[in-house]
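A structural walkthrough
Below are the chains, spelled out letter by letter.
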Amino acid sequence: MKIAVLSRAPQAYSTQRLRAAALQRGHTVKVLNTLRFAIDLTADEPDLHYRGRQLSDYDAILPRIGNSITYFGTAVVRQFEQMDVYTPNTANGISSARDKLRANQILSRHNIAMPPTAFVRNRADVRPAIERVGGAPVVIKLLEGTQGIGVILAPQVKVAEAIIETLHSTKQNVLIQKFIAESRGRDIRALVVGDRVVAAMRRSAAGDEFRSNVHRGGSVEAVELDPIYERAAVRSAQIMGLRVAGVDMLEGEDGPLVMEVNSSPGLQGIETATKLDVAGAIIDYIAGQVAFPEIDVRQRLTVSTGYGVAELMVHGAVDLVGKTLGEAGLWERDITVLTLHRGVSVIPNPRKHVVLEADDRLFCFGKLDEMRSMVPERRRRRAKVRRLPRQPLSE
Ligand SMILES: Nc1ncnc2c1ncn2[C@@H]1O[C@H](COP(=O)(O)OP(=O)(O)O)[C@@H](O)[C@H]1O
Ligand SMILES: [Mg+2]
């Protein structure tokens, strides 16, 4: 395959390793400076120019978009997506992961355990929010910090309030998060590629520091991950739309607490700690996926009028509990079940003999009219309420 690594740091360890791994496997690889692309929307088809010339054909890209160029970088990645060039990390995934609040919001509806977190704006809401996450000591985080910068541990509520007020006054958004004391300055970084963890390490903070980032002097060691941690990492990455990701987890009393999902994980620390060829695993994965460029399901499947995708609750308006999928009569109503979600597991292309359980959810493609009649009244009402014109915001 011909692959481009989008990076502004051709000499960096990670870029060098990815390049070497691709060459070693007989691929053609170029490291392209993300900021030298020009997005061209003038022609009939989406196009890209690089350093003033039309870009040649690529099979895949591996975006490594730095924090300071998220907007432009994700625009370039999105353009590659429009051109059907495979990318393991979508523009959407990268921008969602970059914003700690947005990532938390997305993960929280999928039963991923995270440290209790709050986000407020008004001064009067700060103290109740601190109390709600568990009181002092409390962690305060800038939404887009990295490498531990912008992560503060406030020992008392008063100090926390003062810090948050100061940051608000300089127009900085912050998260208020429970301090997970039992993790004792340590965390787990799991490197996810596709649907598995290819390497994992434990990072331990230096001295009395609570942040375990390598850039803050943290030390690293390889770990054998508990399957619960592996699953949490893989699911988090998948939910975020990232096939290559570094998932950071605290070791909470009841298991993993996902803190963040990094879309351009550094390779030096983890390859050194584990002696594993992570770069090689990434390249091999991409080579196996180039035939499947990312498809925006809603965008593609809703083109035919009257058809769309929807999630149906088995315990819904039409009660299907105890029936088999075949007996549910969905296909007869022009509804195709794409996946069945049961707890944290997913059954793709479920067969007709599968017996439905109360908490199952069916992700379907089909006739909207038919599917609407299967959504319980309460949810339908809620959906309607949401569509009413909103009150203008006071800001
Ligand atoms: N809620 C928390 N409780 C305990 N330690 C935390 C908490 N949040 C962050 N940390 C520590 O601070 C480090 C940096 O936090 P993180 O949210 O990953 O920000 P960054 O993006 O800057 O790496 C983590 O690796 C962890 O060691
Ligand atoms: Mg981190």
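Refer to the structure presented above.
Scope of this entry: the structure provided in the associated data block. (Residues numbered from 1 in each chain as written. Chains lettered and ligands numbered in written order. Predicted model: local features only at pLDDT ≥ 70, side-chain atom pairs only at ≥ 80, totals over all residues. Heavy atoms only, no water.)

Observations regarding the sheet that holds strand β1 (residues 2-6)
One open sheet accounts for 3 strands, arranged β2-β1-β6; its pairing is parallel. On the outer flanks of this sheet lie β2 (28-32) and β6 (60-63), each paired with one strand and no other. Taken over all neighbouring pairs, the strand axes of this sheet differ in orientation by 20 degrees on average, direction set aside. Here β1 runs beside β2; their pairing, made up of 5 bridges, is parallel. Across the sheet, Val-5 pairs through a bridge with Val-31, a residue of β2. (Pairing = 2+ DSSP bridges. Helix = DSSP H or I, 4+ residues; strand = E, 2+ residues; numbered from the N terminus. Axes fitted to C-alpha atoms, helices over the stretch in contact; angles between N-to-C directions.)

A closer look at unusual backbone geometry
Omega for the bond connecting Ala-136 with Pro-137 falls within 30 degrees of zero, at -5 degrees, which places this linkage in the cis form. Inspection of the secondary structure puts Pro-137 in the loop between α5 (126-132) and β8 (138-142). With a phi angle near 55 degrees, Gln-147 is a residue other than glycine that sits in the positive phi range. Locating Gln-147 in the fold gives a position in the loop between β8 and β9 (151-154). By relative accessible area, Gln-147 is classed as partly exposed at 35%. Of note, Lys-171 is a non-glycine position whose phi angle comes to about 65 degrees, a positive value. In this fold, Lys-171 is placed in the loop between α6 (157-169) and β10 (174-178). (Buried < 20%, exposed > 50% of the residue type's maximum accessible area, 1.4 Å probe, protein only.)

Examining the packing of helix α3 (residues 91-98) against helix α4 (residues 100-108)
Between α3 and α4, the shortest axis-to-axis distance is 5 Å and the interhelical angle comes to 110 degrees. On the basis of their axis angle, the class for α3 and α4 is roughly perpendicular. Between α3, through Ser-95, Ser-96, Ala-97 and Arg-98, and α4, the contact on the second element is made entirely by Lys-100, Arg-102, Ala-103 and Ile-106. By residue class, the composition of the contact of α3 with α4 is 3 nonpolar, 2 polar and 3 charged. (Parallel < 35°, antiparallel > 145°, perpendicular 65-115°, else oblique. Contact = heavy atoms within 4.5 Å. Nonpolar A, V, L, I, M, F, W, Y, C, P; charged D, E, K, R; others polar.)

A look at the environment of Leu-153
Secondary-structure assignment places Leu-153 in strand β9. Residues Leu-153 and Leu-242 lie 89 residues apart in sequence; the distance between their C-alpha atoms is 29 Å. Those residues in contact with Leu-153 that lie beyond four places of it in its chain are Pro-137, Val-138, Val-139, Phe-179 and Phe-210.

Some points on the pattern of salt bridges
A complete count under the given rule lists 19 salt bridges for this structure. Salt bridges linked by common partners bring Arg-17, Arg-25, Glu-271, Asp-277 and Asp-284 together as one network. (Salt bridge = Lys/Arg side-chain N within 4 Å of Asp/Glu carboxyl O.)

Brief notes about the packing of aromatic side chains
Within this structure, the stated rule accounts for 4 aromatic pairs. Here the aromatic rings of Phe-37 and Tyr-50 are separated by 4.9 Å at their centres, their planes lie at 50 degrees, and the arrangement is tilted. Of this pair, Phe-37 sits in strand β3 (residues 37-40) while Tyr-50 sits in strand β4 (residues 47-50), and the two are 13 residues apart along the sequence. Residue Phe-37 shares its accessibility class with Tyr-50, and that shared class is buried. Ring centres of Phe-37 and Phe-80 lie 5.6 Å apart, and the angle between their planes is 85 degrees; this geometry places the pair in the edge-to-face category. Of this pair, Phe-37 sits in strand β3 while Phe-80 sits in helix α2 (residues 70-82); the two residues are 43 residues apart in sequence, bridging distant segments of the chain. (Phe/Tyr/Trp six-rings, centres within 6.5 Å; stacked < 30°, edge-to-face > 60°.)

Structural notes on the coordination of the magnesium ion (ligand 2)
Bound to the magnesium ion (ligand 2) are the protein donor atoms Asp-248 (OD) and Glu-260 (OE), situated 2.0 to 2.6 Å from the metal. Of this pair, Asp-248 sits in strand β14 (residues 244-252) while Glu-260 sits in strand β15 (residues 255-262), placing them 12 residues apart in sequence. A relative accessible area of 2% places Asp-248 in the buried class. Look at Glu-260 and you get buried, because its relative accessible area is 19%. (Donors = N, O, S within 2.8 Å, 3.2 Å for Na, K, Ca; no water.)

Considering the site of ligand 1
Close to ligand 1 lie 22 residues; Lys-100, Lys-141, Gly-148, Asp-187 and Ser-212 are nearest. Between ligand 1 and Gln-147, the relevant distance is 3.3 Å, taken from an oxygen atom to a main-chain nitrogen or oxygen of the residue. One nitrogen or oxygen atom from the side chain of Asn-213 is found 2.8 Å from an oxygen atom belonging to ligand 1. Protein coverage of the free-state accessible area of ligand 1, which is 550 Å², stands at 98%. Structurally, the shell around ligand 1 is a two-domain feature, drawing no fewer than three residues from each of domain 2 (116-179) and domain 3 (184-289). (Near = heavy atom within 4 Å. Polar contact = N/O pair within 3.5 Å; in protein donor to acceptor, adjacent residues only side chain to side chain. Areas by Shrake-Rupley, 256 points an atom, 1.4 Å probe, with all protein chains shown as cover. Domains from an automatic or database assignment.)

Notes on the sheet that holds β9
Picture the strands of a sheet paired through backbone hydrogen bonds; they go either parallel or antiparallel. Taken in spatial order, the 4 strands line up as β7-β10-β8-β9 in an open sheet, and their pairing is antiparallel. The sheet is open, and its two edges are formed by β7 (117-118) and β9, each paired on a single side. The sheet contact formed by β8 and β9 spans 4 bridges and is antiparallel. Opposite Lys-141, over in β9, you have Val-151 as the bridge partner. Where α6 meets the sheet, it contacts β8, β9 and β10, and its direction lies at approximately 10 degrees from that of β8.

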